[in-house]
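Examining the three-dimensional arrangement
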2 protein chains.
Amino acid sequence: MTSRPTMNDVAREAGVALKTVSRYVNGETNINSVMAERIAEAIAHLGYRRNLSAASLRPGWTSRTIGLVISDLANPHWATLARGVERAATDRGYLLVTGSSEEDGARHDALVDRMLDQRLDGLVVVPPRIPGRAWDSLVPPVPPVVFVDRVVDVPGARCITADDRGGAGEAVAALAAGGARRIAFVGDSLGIPAMAERLAGYRAALQAAGLAEDPALVHDGAHSAEQAERIVGTLLTSALASADAVFAANNRSSLGALQAFRAAGRRLPLIGFDDFEAAILLDPPVSVVGQDVGAMGAAAVTILLDTLEGAADVPSRVVVPTTLHLRGSER
Amino acid sequence: MTSRPTMNDVAREAGVALKTVSRYVNGETNINSVMAERIAEAIAHLGYRRNLSAASLRPGWTSRTIGLVISDLANPHWATLARGVERAATDRGYLLVTGSSEEDGARHDALVDRMLDQRLDGLVVVPPRIPGRAWDSLVPPVPPVVFVDRVVDVPGARCITADDRGGAGEAVAALAAGGARRIAFVGDSLGIPAMAERLAGYRAALQAAGLAEDPALVHDGAHSAEQAERIVGTLLTSALASADAVFAANNRSSLGALQAFRAAGRRLPLIGFDDFEAAILLDPPVSVVGQDVGAMGAAAVTILLDTLEGAADVPSRVVVPTTLHLRGSER
DNA sequence: TTGTAAGCGTTATCAG
DNA sequence: CTGATAACGCTTACAA
């Protein structure tokens, strides 16, 4: 592939000055119609297309491209997020660069560096589970970054998350409304901010329903589906810690609980946090707190681009509402 | 965000010439260690990072960024493809820009134009169902484009697809091996090249099994799951066209067939083309011809980058093998 | 080993 | 309304 025609080529072909072509291409109106015609012809003839990459070199110009770093594009959760980001970006004329960190800090940092070196206008980022460099270690000036789906512990950081607390509260309230009095909480480590929030929602809902919290029913050791299965298995059999409903605070916990139910041949009312494909196919269909991941991505882009384009009063924290899908398993 | 430091700033700070900084940054060795030290300090102090976008402006340099246009990033099929593309791209030091056409030609063309204007090095493209402009209408020189998942009717076009014919053949052979003698083909319009290939595979397998083809069993009108359901419903009840097994030539046809089975309270041996999430959860689990979509994406990138980097004898057509997953529904 | 000067394709200043 | 000319941040002949 030889090189593509430039504005200079067009100017020569049309017999006008470079700047006149630039004016034409940029849609400025003050151009003699005869010249405009000649330029149009030259452009069509040469198949000229503006080189946006060169244009963005000029001060005050940008590539109108943003970056997204998630953990794995193939995972439906992140794919949905990416789609929301992508849609919001294209709607505003921005291109999107995506990268998967695989939850690895080093990989994550490498992607971020590359994107910054490429002079993308801003970044939407899911902080990886195995953290990389500290976010406030980046030497300013750095383009705006919006964190999504997980919060980051840096003052003033822009973060978008689901309404973990509210969603969990709704779920637990629904279980209580169904008559449950000993609702178990099964989730991952409370060091994960989202988990702590969901537990807070659980507690608030218990209190609102006039139920006392039994520490024997609160489990934060479900780092995998297998561990969740073991925990729920115990809840089903143990006399002391017996529960009459389960709130599974994440996807893996829901799956583990379902496995435990199957193994025991007996089920408890269950609501999970975060939807999953198979939820509607099981019997009974699994009730969940759905997160609008696409909306979270779109919100991140709105904040990023508003910031970028200098809008006033751009919020730095957005909590996207969840939706309780009651499908049957809550009874 | 004020502007970021440039090589010039570093040069001034270190008291050396611009070119020396460039040498240092590009890892050239012939640099006095004292100057190197001064430059390193200045870089650290200013937080300098090379502007790759500016560097790529020079002739012979590129952005080391490729583009991907699919129909919908949120769809697991395309997300898996995108992930394969992304992984292969990062492995070779390339960044990836993604865009969703929503199967709309105009949207698709707009994305392609934008990517070309941004001077991406090359494109991986899924041609949209509602076609846009003809691919050979692009005025050269245009960077290399590789089509994936669907073929495009342009001489010399680089296309990656699954082994539609072989995969369909294997499926039908498996049904025949199970004792089926009247195997129905249920699929979408034969105007779609992949469908025509799958039908060809069906026919070849019938012949190999010594079975005659009955036109009453071949249906290419399943444009939706509903239509497939109706077709399979008829196959279950009609005396004339009664089948004893079904090869569902795409995802939607599989789902339609399953619906029809459920409605009739009776099932036929079934194998579908293309895997789906729920397949392993149903009873019996649904057997399918799996496409390695990730591998297809990776193959596309390999061809794109090999072409780009001037490798010799880069193939222009790759057929990625399928895998038959027998899970139970084939009996 | 280091530096000067030119140029990549564009936009912006400012004089005609 | 139009056009020389100078940037933007970088790499690269070529010269010192």
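Cut-offs and rules
Residues numbered from 1 in each chain as written. Chains lettered and ligands numbered in written order. Predicted model: local features only at pLDDT ≥ 70, side-chain atom pairs only at ≥ 80, totals over all residues. Heavy atoms only, no water. Helix = DSSP H or I, 4+ residues; strand = E, 2+ residues; numbered from the N terminus. Rg over C-alpha atoms; globule rule 2.2 N^0.38 Å. Buried < 20%, exposed > 50% of the residue type's maximum accessible area, 1.4 Å probe, protein only. Contact = heavy atoms within 4.5 Å. Areas by Shrake-Rupley, 256 points an atom, 1.4 Å probe, with all protein chains shown as cover. Buried area = accessible area lost by both parts, 1.4 Å probe. Salt bridge = Lys/Arg side-chain N within 4 Å of Asp/Glu carboxyl O. Pairing = 2+ DSSP bridges. UniProt positions renumbered as here; feature names shortened; annotations may be inferred. Least-squares fit on C-alpha atoms with pLDDT ≥ 70 in both. Near = heavy atom within 4 Å. Polar contact = N/O pair within 3.5 Å; in protein donor to acceptor, adjacent residues only side chain to side chain. Nonpolar A, V, L, I, M, F, W, Y, C, P; charged D, E, K, R; others polar. Core = buried A, V, L, I, M, F, W, Y, C linked by side-chain atoms within 4.5 Å. Expected span 1.5 Å × (residues − 1). Arc of directions from axis to C-beta. Axes fitted to C-alpha atoms, helices over the stretch in contact; angles between N-to-C directions. Parallel < 35°, antiparallel > 145°, perpendicular 65-115°, else oblique. Left-handed = near helix turned anticlockwise from the far one by under 90°.

**Considerations on the overall build of chain A**
Each helix and strand in chain A was counted, giving eleven helices and twelve strands. For 331 residues, the compact-globule formula gives about 20 Å, and the C-alpha radius of gyration of chain A, at 26 Å, lies well above that figure. Counting only C-alpha atoms, chain A reaches 90 × 40 × 40 Å along its principal axes. Across the 331 residues that make up chain A, the buried fraction comes to 50%. For chain A, contacts bridging at least 24 residues in sequence account for 66% of all contacts bridging at least 6. For chain A, the exposed area adds up to about 14,500 Å²; of that, 53% sits on carbon and sulfur atoms.

**Some words on the interface of chain A and chain B**
Contact with chain A, which involves 54 residues of that partner, is made by 55 residues of chain B. Here chain A meets chain B over a buried area of about 4,700 Å², counting both sides, of which 55% is carbon and sulfur. For the pair chain A and chain B, the number of links is ten salt bridges. Its salt-bridge partner being Arg83 of chain A, residue Glu102 of chain B comes within 2.8 Å of it at the nearest N-O pair. Of all the secondary structure elements, the ones that give two or more residues to the side of chain A that touches chain B are helix 4 (52–55), helix 5 (76–91), strand 2 (95–100) and helix 6 (105–117) of chain A. The element that contributes the greatest number of residues to the side of chain A that touches chain B is helix 5 of chain A, accounting for nine residues. Both strand 2 of chain A and strand 2 (residues 95–100) of chain B contribute to a ladder of three bridges, which runs antiparallel. By the bridge assignment for strand 2 of chain B, Thr98 of chain A is matched with Leu96 of chain B.

**Some points on the pattern of salt bridges**
Across all of its chains, the model carries 40 salt bridges over all chains by this definition. Glu197 of chain A serves as the salt-bridge partner of Arg165 of chain A, at 3.1 Å between the closest nitrogen and oxygen. Of this pair, Arg165 of chain A sits in helix 7 (residues 164–177) while Glu197 of chain A sits in helix 8 (residues 193–208); the two residues are 32 residues apart in sequence, bridging distant segments of the chain. Between Arg252 of chain B and Asp188 of chain B there is a salt bridge, with its nearest N and O atoms 3.2 Å apart. Taken together, the residues span a long stretch of sequence, with Arg252 of chain B in helix 10 (residues 251–264) and Asp188 of chain B in the loop between strand 6 (183–186) and helix 8 (193–208) at a distance of 64 residues. For Arg252 of chain B, a relative accessible area of 33% translates into the label partly exposed. On the basis of relative accessibility, which here comes to 7%, the residue Asp188 of chain B falls in the buried class. Put simply, Asp72, Glu102 and Arg107 of chain A together with Arg83, Glu86 and Arg87 of chain B are held in one network by salt bridges that share partners.

**Topic: the UniProt feature "domain: HTH cro/C1-type" (unreviewed entry) in chain A**
Under the present numbering, the feature "domain: HTH cro/C1-type" (unreviewed entry) in UniProt falls on residues 6–49 of chain A. The distance separating the terminal C-alpha atoms of residues 6–49 of chain A is 8 Å; by composition the span is 68% helix and 0% strand.

**Thoughts on the relation of the copies chain A and chain B**
The two copies are related by a screw operation: chain A maps onto chain B through 180 degrees of rotation and 0.0 Å of translation along the axis, at an RMSD of 0.1 Å. Such a combination of turn and shift is consistent with a two-fold rotation axis. No C-alpha of chain A lies nearer the rotation axis than that of Val97 of chain A, which sits 2.1 Å from it. Mapped onto chain B, 100% of the interface residues of chain A are again interface residues, and the two copies thus contact each other with one and the same surface.

**Some remarks on the protein's contact with DNA strand D**
The environment of DNA strand D is formed by 26 residues, the closest being Asn30 and Asn32 of chain A together with Met7, Lys19 and Arg58 of chain B. Considering the 4 Å shell around the protein, atoms of DNA strand D inside it are sugar or phosphate in 66% of instances. Note that a phosphate oxygen of DNA strand D is positioned 2.5 Å from one of the backbone N or O atoms of Met7 of chain B. Contributing elements (two or more residues each) for the surface near DNA strand D: helix 2 (18–25) of chain A together with helix 2 (18–25) and helix 4 (52–55) of chain B. Split into classes, the residues belonging to the surface near DNA strand D amount to 13 nonpolar, seven polar and six charged.

**Points about the sheet that holds strand 7 (residues 218–219) of chain B**
Paired through their backbone hydrogen bonds, the strands of a sheet run either parallel or antiparallel. Residue and element names in this part refer to chain B. Reading across from one edge, 7-6-8-9-10-12 is the order of the six strands in this open sheet, with mixed pairing throughout. Because the sheet does not close on itself, it has two edges, and the strands there are strand 7 and strand 12 (322–325). Across four bridges, the pairing between strand 6 and strand 8 (residues 245–248) is parallel. Its bridge partner being in strand 8, Val186 is matched across the sheet by Ala248.

**A look at the nonpolar core**
Ranked by internal contacts, the top residues of the largest apolar core, which has 54 residues, are Ile160 of chain A together with Ile160 of chain B. Sequence-distant contacts of Ile160 of chain A, defined by excluding residues within four places in its chain, comprise Val146, Phe147, Val148, Asp149, Arg150, Met296, Ala299, Ala300, Ile303, Arg317, Val318 and Val320 of chain A.

**Points about the protein's contact with DNA strand C**
Taken together, 26 residues lie near DNA strand C, and Met7, Tyr48 and Arg58 of chain A together with Thr20 and Asn32 of chain B sit nearest. The sugar-phosphate share of atoms of DNA strand C within 4 Å of the protein amounts to 65%. Note that a phosphate oxygen of DNA strand C is positioned 3.0 Å from one of the side-chain N or O atoms of Ser22 of chain A. Listing elements by their share of the surface near DNA strand C, those giving two or more residues are helix 2 and helix 4 of chain A together with helix 2 of chain B. Taken together, the residues of the surface near DNA strand C sort by class into 13 nonpolar, seven polar and six charged.

**Brief notes about the side chain of Ser101 of chain A**
Residue and element names in this part refer to chain A. You can see Ser101 is positioned in the loop between strand 2 and helix 6. With relative accessibility at 0%, the residue Ser101 sits in the buried group. Discounting chain neighbours no more than four positions away, the residues touching Ser101 are Val69, Ile70, Ser71, Arg107, His108, Leu111 and Pro128.

**With respect to unusual backbone geometry**
A cis geometry characterises the amide bond from Asp283 of chain A onward to Pro284 of chain A, with omega recorded as -5 degrees. Of note, Pro284 of chain A is situated in the loop between strand 9 (270–273) and strand 10 (287–291). Looking along the chain, the bond that leaves Pro140 of chain B and enters Pro141 of chain B is cis, with omega of 0 degrees. Tracing the sequence through the fold places Pro141 of chain B in the loop between strand 3 (122–125) and strand 4 (145–148). The backbone of Asp313 of chain B sits at a positive phi, close to 55 degrees, despite the residue not being glycine.

**Details of helix 10 of chain B**
Residues and elements named next belong to chain B. Here helix 10 contains 14 residues, and its C-alpha end-to-end distance of 20 Å stays within 8% of the 20 Å for a straight helix at 1.5 Å per residue. Those residues of helix 10 not exposed but buried are Ser253, Ser254, Gly256, Ala257, Ala260 and Phe261. Projection of helix 10 onto a plane perpendicular to its axis shows the buried side chains occupying an angular sector of 165 degrees, all on one side. More than 90 degrees from the buried face of helix 10, the exposed residues found are Arg262 and Ala263. Check the buried side of helix 10 and you find it contacts strand 6, helix 9 (225–237), strand 8 and strand 9 (270–273). Taken from the residues just after helix 10, Gly265 is the one with a positive phi, measuring 70 degrees.

**Let's talk about the packing of helix 9 of chain B against helix 10 of chain B**
All names here are of chain B. Across the interface, helix 9 lies against helix 10 with an axial gap of 7 Å and an inter-helix angle of 50 degrees. Considering the angle they form, helix 9 stands oblique to helix 10. Judged by the sense of rotation from one axis to the other, the crossing of helix 9 with helix 10 is right-handed. On the side of helix 9, the interface is formed by Ala225, Ala228, Glu229, Val232, Gly233 and Leu236, while helix 10 contributes Arg252, Ser253, Leu255, Gly256, Ala257, Gln259, Ala260, Phe261 and Ala264. Partitioned by chemical class, the residues of the contact of helix 9 with helix 10 number nine nonpolar, four polar and two charged.

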